[in-house]
Amino acid sequence: MTPARIQVRLTDIDILGHVNNAIYLSYFEMTRIHYFNQLVGPDWDWMENGVVLVHNEVNYHLPIFLYDTPVIHMYCTQIGNKSFTLSYEVFVQDQLKTTGKSTLVGFNSNKQQSIEIPEAMRTALLKLPQKQ
């Protein structure tokens, strides 16, 4: 699995000159899209077998600046019947800058209800490195 590479935008930077704390959630979202594309492919039916985000955590260790190129690794830390937790490590030039976690729940958008994680998604998630 190739990690996600993020281009820091000028609009990501706050008055202190580093990436604003709220932007990291967008970086995590971009990372999930990047990895899911590798795991289940572009033809996955997200309306029938989708996910909804129910929880995020972010731990800021060191700031990221405009000309940095963050590289984000994503891991699967827990898989249940209907939910799973992903964790992230954000590096710039091999230095850990930020860590985080997201909990997602299987969701059928057409029926507007939670679902068990489809077996194909479960199998794909198990291809991610497992991390506690």
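No experiment lies behind these values; they were computed from the predicted model shown. (Residues numbered from 1 in each chain as written. Predicted model: local features only at pLDDT ≥ 70, side-chain atom pairs only at ≥ 80, totals over all residues. Heavy atoms only, no water.)

Trainee: I would appreciate a short explanation of the overall build of the protein in the present structure.
Mentor: Check the secondary structure of the protein and you find 2 helices and 6 strands. Order of helices (α) and strands (β) in the protein, N terminus to C terminus: β-α-β-β-β-β-β-α. Rg of the C-alpha trace for the protein: 15 Å, near the compact-globule value of 14 Å for 132 residues, within the 12% margin. Oriented by its inertia axes, the alpha-carbon framework of the protein measures out at about 45 × 25 × 25 Å. Buried residues in the protein amount to 42% of all 132 residues. Of all intrachain contacts in the protein linking residues separated by at least 6 positions in sequence, the fraction that spans at least 24 positions is 69%. For the protein, the exposed surface amounts to about 7500 Å²; the carbon and sulfur share of it is 52%. Taken as two groups, the 10 positive and 12 negative side-chain charges of the protein have centres that lie 4 Å from each other. (Helix = DSSP H or I, 4+ residues; strand = E, 2+ residues; numbered from the N terminus. Rg over C-alpha atoms; globule rule 2.2 N^0.38 Å. Buried < 20%, exposed > 50% of the residue type's maximum accessible area, 1.4 Å probe, protein only. Contact = heavy atoms within 4.5 Å. Areas by Shrake-Rupley, 256 points an atom, 1.4 Å probe, with all protein chains shown as cover. Lys, Arg positive; Asp, Glu negative; His and termini not counted. Charge placed at Lys NZ, Arg CZ, Asp CG, Glu CD.)

Trainee: Sorry if this is basic, but what is going on with unusual backbone geometry here?
Mentor: A negative phi holds for most residues other than glycine; trans holds for most peptide bonds. Despite not being glycine, Asp-94 shows a phi value in the positive range, around 65°. When you line up the elements, Asp-94 lands in the loop between strand S4 (83–92) and strand S5 (95–108). Residue Asp-94 is classed as exposed on the basis of its relative accessible area, which comes to 75%. In this structure, Gln-112 takes a positive phi of about 55° despite not being glycine. Mapped onto the elements, Gln-112 comes out in the loop between S5 and strand S6 (113–114).

Trainee: Looking at this model, I keep getting lost on the pattern of salt bridges. Mind explaining?
Mentor: Pairing between side chains of opposite charge can happen when their charged atoms approach one another. Per the stated rule, a full pass over the model turns up 1 salt bridge. Note that Arg-9 is salt-bridged to Asp-12, the shortest N-O span being 2.7 Å. (Salt bridge = Lys/Arg side-chain N within 4 Å of Asp/Glu carboxyl O.)

Trainee: So what exactly am I meant to see when it comes to the pairing of S4 here?
Mentor: Side-chain direction in a regular strand flips from residue to residue, so the side chains alternate between the two faces of the sheet. Burial analysis of S4 places 8 of its 10 residues in the buried class, the great majority of the element. In textbook terms, the turn of a hairpin is the stretch between consecutive antiparallel strands, and for strand S3 (residues 71–79) and S4 this stretch comprises 3 residues. As paired strands, S4 and S5 are joined by 10 bridges and run antiparallel to one another. When the bridges of S5 are listed, Ser-83 appears paired with Val-105. The turn joining S4 and S5, which pair antiparallel and follow one another in sequence, is formed by 2 residues; a positive phi near 50° is taken by Gln-93. (Pairing = 2+ DSSP bridges.)

Trainee: Is there a simple way to explain the packing of aromatic side chains in this structure?
Mentor: By convention here, two paired aromatic rings are described through the distance between centres and the angle between planes. By the definition in use, this model includes 6 aromatic pairs. Ring geometry for Tyr-24 against Tyr-27: centres 5.9 Å apart, planes inclined by 65°, an arrangement best described as edge-to-face. Remark: Tyr-27 and Tyr-24 occur in helix H1 (residues 23–40); sequence separation between them is 3 residues, near one turn of the helix. Note on Tyr-27: relative accessible area 0%, which makes it buried. Here the aromatic rings of Phe-28 and Tyr-88 are separated by 4.2 Å at their centres, their planes lie at 10°, and the arrangement is stacked. On the criterion of sequence distance, the pair formed by Phe-28 in helix H1 and Tyr-88 in strand S4 is long-range, its members being 60 residues apart. Across the pair, Tyr-88 and Phe-28 agree in class, each one buried. (Phe/Tyr/Trp six-rings, centres within 6.5 Å; stacked < 30°, edge-to-face > 60°.)

Trainee: For this particular structure, what's the right way to read the environment of His-34?
Mentor: Along the chain, His-34 falls in helix H1. You can call His-34 partly exposed: its relative accessible area is 27%. Not counting residues within four places of it along the chain, the set of residues in contact with His-34 comprises Thr-2, Pro-3 and Ala-4. Looking at His-34, its side chain comes within polar contact range of the main-chain oxygen of Thr-2, at 2.8 Å. (Polar contact = N/O pair within 3.5 Å; in protein donor to acceptor, adjacent residues only side chain to side chain.)

Trainee: How should I be thinking about the environment of Leu-39 in this particular structure?
Mentor: By secondary structure assignment, the location of Leu-39 is in helix H1. Put simply, Leu-39 and Met-1 are 38 residues apart on the chain and 8.5 Å apart in space, counted from C-alpha to C-alpha. Apart from the residues within four sequence positions on either side, Leu-39 is in contact with Met-1, Ala-124, Lys-127 and Leu-128.

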